[in-house]
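Results of the structural survey
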Amino acid sequence: MASLHTSATMYFTNCSSSSSSSSTTARLLHFTATKSPNNVSHFHRPSIPLQIHISNPNFPNTIITRSSSSTTEVNSVTSAKVIDGKRVAKDIREEVAVEISRMKNEIGIVPGLAVILVGDRKDSATYVRNKKKACDTVGINSYEVRLAEDSTEEEVLDHISKFNDDPSVHGILVQLPLPSHMNEQNVLNAVCIEKDVDGFHPLNIGRLAMRGREPLFVPCTPKGCIELLHRYGIPIKGKRAVVIGRSNIVGMPAALLLQREDATVSIVHSRTKNPEEITRQADIIISAVGQPNMVRGSWVKPGAVLIDVGINPVEDPESPRGYRLVGDICYEEASEVASAITPVPGGVGPMTIAMLLSNTLLSAKRIHDFR
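In what follows, the accompanying structure is described. Keep in mind the model is a prediction, meaning the values are calculated, not measured.

1. Let's talk about the overall build of the chain
What the chain contains, in helices and strands, is ten helices and 18 strands. Out of the 371 residues in the chain, the part that is buried amounts to 48%. Taking the contacts inside the chain whose residues are at least 6 apart along the sequence as the reference set, 66% of them involve residues at least 24 apart. In the form shown here, the chain has an accessible surface area of approximately 18300 Å², with 51% of it arising from carbon and sulfur atoms.

2. Considerations on the packing of aromatic side chains
A ring pair, where both rings are aromatic, is described by two values, the distance of the centres and the angle of the planes. Under the counting rule described, the total for this entry stands at zero aromatic pairs. In this arrangement the basic side chain of Arg321 is found over the ring face of Tyr323, its NZ or CZ atom lying 4.7 Å from the centre. Above the ring of Phe217, the side-chain terminus of Arg366 is found at 5.0 Å from the ring centroid.

3. Let's talk about the sheet that holds strand 10 (residues 141-147)
Sheet architecture is open: three strands sit in the order 10-9-11, paired in parallel fashion. Of all strands in the sheet, those bounded by a partner on one side alone are strand 10 and strand 11 (171-174). Averaged over all neighbouring strand pairs, the angle between strand axes comes to 15°, with direction disregarded. By the bridge criterion, seven bridges tie strand 9 (residues 112-118) to strand 10 in an arrangement that is parallel. The partner of Val118 across the bridge, within strand 10, is Leu147.

4. Focus on the side chain of Asp196
Inspection of the secondary structure puts Asp196 in the loop between helix 4 (184-190) and helix 5 (202-209). Side chain to side chain, Asp196 and Asn204 meet in a polar contact 2.8 Å long. Discounting chain neighbours no more than four positions away, the residues touching Asp196 are Val191, His201, Asn204 and Phe217.

5. Here's the deal with the pairing of strand 13 (residues 264-268)
Across five bridges, the pairing between strand 12 (residues 240-244) and strand 13 is parallel. Bridge pairing in strand 13 links Ala241 to Val265. Each parallel crossover has a hand, and for strand 12 linked through helix 7 (residues 251-260) to strand 13 it is right-handed.

6. As for the pattern of salt bridges
Overall, the coordinates contain 16 salt bridges when judged by the stated rule. Across the salt bridge formed by Glu99 and Lys365, the nearest N and O atoms sit 2.5 Å from each other. One end of the pair, Glu99, is in helix 1 (residues 85-107); the other, Lys365, is in helix 10 (residues 348-367), and 266 residues separate them in sequence. Across the pair Arg324 and Asp316 runs a salt bridge whose closest N-O atoms are separated by 3.2 Å. By relative accessible area, which is 24% here, Arg324 ends up partly exposed. A relative accessible area of 14% means that Asp316 is categorised as buried. What you see here is one network of salt bridges that share partners, running through Glu99, Arg102, Glu106 and Lys365.

7. With respect to the sheet that holds strand 14 (residues 284-287)
With respect to topology, six strands assemble into an open sheet ordered 8-18-15-14-12-13, the strand pairing being parallel. Of all strands in the sheet, those with a lone pairing partner are strand 8 (81-82) and strand 13, marking the two edges. Strand direction decides the pairing type here: strand 14 and strand 15 (residues 305-308), joined by four bridges, are parallel. Residue pairing across strands places Ser287 opposite Asp308, the latter belonging to strand 15.

8. Section: the side chain of Asp198
As for its placement among the helices and strands, Asp198 is situated in the loop between helix 4 and helix 5. Look at Asp198: it is buried, it has no salt bridge, and the nearest opposite charge is Lys131 at 5.7 Å. Dropping the residues within four chain positions of it, Asp198 is found in contact with Leu173, Val174, Val218, Pro219 and Cys220.

9. Points about the environment of His269
Within the element layout of this structure, His269 appears in the loop between strand 13 and helix 8 (275-279). A sequence separation of 25 residues divides His269 from Ile244, and the C-alpha atoms of the two residues are 6.0 Å apart.

10. What to know about unusual backbone geometry
Geometrically, the link from Leu176 to Pro177 is a cis peptide bond, its omega value of 5° lying close to zero. Tracing the chain through its elements places Pro177 in the loop between strand 11 and helix 4. A cis amide bond links Val344 with the next residue in sequence, Pro345, at an omega value of -5°. Relative to the helices and strands, Pro345 is located in the loop between strand 18 (340-341) and helix 10. In the Ramachandran plot, Asp262 falls in the positive-phi region, its phi being about 70° despite a non-glycine side chain. Examined against the element boundaries, Asp262 turns out to sit in the loop between helix 7 and strand 13. Judged by its relative accessible area of 43%, Asp262 is partly exposed.

11. Some thoughts on a negative patch on the surface
A cluster of acidic side chains, namely Asp120, Glu149, Asp150, Glu154 and Glu155, defines a negative patch on the protein surface. Relative to the elements of secondary structure, Asp120 occurs in the loop between strand 9 and helix 2 (122-138).

Thresholds, definitions, all that
- Residues numbered from 1 in each chain as written.
- Predicted model: local features only at pLDDT ≥ 70, side-chain atom pairs only at ≥ 80, totals over all residues.
- Heavy atoms only, no water.
- Helix = DSSP H or I, 4+ residues; strand = E, 2+ residues; numbered from the N terminus.
- Buried < 20%, exposed > 50% of the residue type's maximum accessible area, 1.4 Å probe, protein only.
- Contact = heavy atoms within 4.5 Å.
- Areas by Shrake-Rupley, 256 points an atom, 1.4 Å probe, with all protein chains shown as cover.
- Phe/Tyr/Trp six-rings, centres within 6.5 Å; stacked < 30°, edge-to-face > 60°.
- Lys NZ or Arg CZ within 6 Å of the ring centre and 35° of its normal.
- Pairing = 2+ DSSP bridges.
- Axes fitted to C-alpha atoms, helices over the stretch in contact; angles between N-to-C directions.
- Polar contact = N/O pair within 3.5 Å; in protein donor to acceptor, adjacent residues only side chain to side chain.
- Right-handed = clockwise from strand over helix to strand, strands pointing away.
- Salt bridge = Lys/Arg side-chain N within 4 Å of Asp/Glu carboxyl O.
- Lys, Arg positive; Asp, Glu negative; His and termini not counted.
- Patch = residues over 30% accessible without salt bridge, like charges linked within 9 Å, V, L, I, M, F, W, Y side chains within 5 Å.
- Charge placed at Lys NZ, Arg CZ, Asp CG, Glu CD.

Written out as structure tokens, the structure reads:
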């Protein structure tokens with residue numbers, strides 16, 4: 001191995017993992033390499049788990065990684081393929097738009113999506129606005145109801161009932177979370193299963209869990225994760241998959257979908273002991289826990305495929321907004337181990353809305369027996 005020049009500039013990439021909104025920054029450190037008699041450069045390892053990158057024109061594609069001893073070795077960098085959710089979502093929107101145009105021309109039906117928003121949460125309002133914009137783009141009629149934070153559960157149920165009976169509405173979405181005084185399950189259960197384009201109705205989830213049964217709709221975010229794997233030609237059958245998180249919205253349905261694809265599935269959650277030992281066995285990891293940079297490079301099996309559902313704000317004084325978005329997976333570390341990885345933002349996020357549009361089209365086709 002060629003020796004390293006002692007003037008090489010070194011820097012550490014430290015992806016901090018915390019449940020709080022702590023910043024994730026690159027710390028610049030300079031030090032001098034020392035050589036042993038056999039002319040091999042050694043570097044004393046810091047006590048924190050870091051990866052050391054070398055900026056040296058003679059070694060443009062090298063990385064020094066931690067070893068079990070106090071010194072480190074130089075290996076080749078393996079850069080993961082980026083799974084571009086924005087591009088795939090754009091393709092899906094275009095496909096949906098073509099089908100909607102064909103449906104309108106042949107039978108005069110335009111799919112309709114109704115959204116109910118309760119309260120004034122800025123993030124929820126942004127999601128609803130983005131969904132409406134996406135509907136307009138592909139030609140779906142959108143209907144929106146905005147209710148005050150102190151609205152009663154009965155008011156929400158009344159609007160759901162009206163949309164259930166409206167033949168121009170083919171999909172109904174209740175934006176979550178609901179105010180604390182409302183029973184979320186009562187509200188979601190009130191949506192007609194034939195219009196449950198979010199896929200949250202217990203009968204849809206129950207069918208998803210049973211062999212030989214087909215749900216009318218699959219929850220949008222997990223469906224988007226599997227669609228990314230399919231569109232990038234990533235095999236699932238026979239693979240070991242780990243889902244991090246067990247929420248009703250993402251974790252559990254994602255595990256069920258992977259199981260339907262004949263993967264061997266494990267679920268890691270907050271009570272799992274030594275989760276990194278489980279994730280290191282996975283060919284595919286889907287992470288949906290909402291903990292910034294929790295999954296480190298050392299958690300990942302070389303060549304694994306990583307789908308990061310997390311969208312977490314962390315402090316960033318250099319950003320105009322004062323924060324930036326990161327995933328559950330430490331991208332800088334994991335991308336040097338994995339074979340493919342979704343970025344944050346630009347990975348799973350755009351797929352969720354694309355799957356919502358796809359489910360709404362599916363509902364309209366089913367209701368009107370259009371093929």
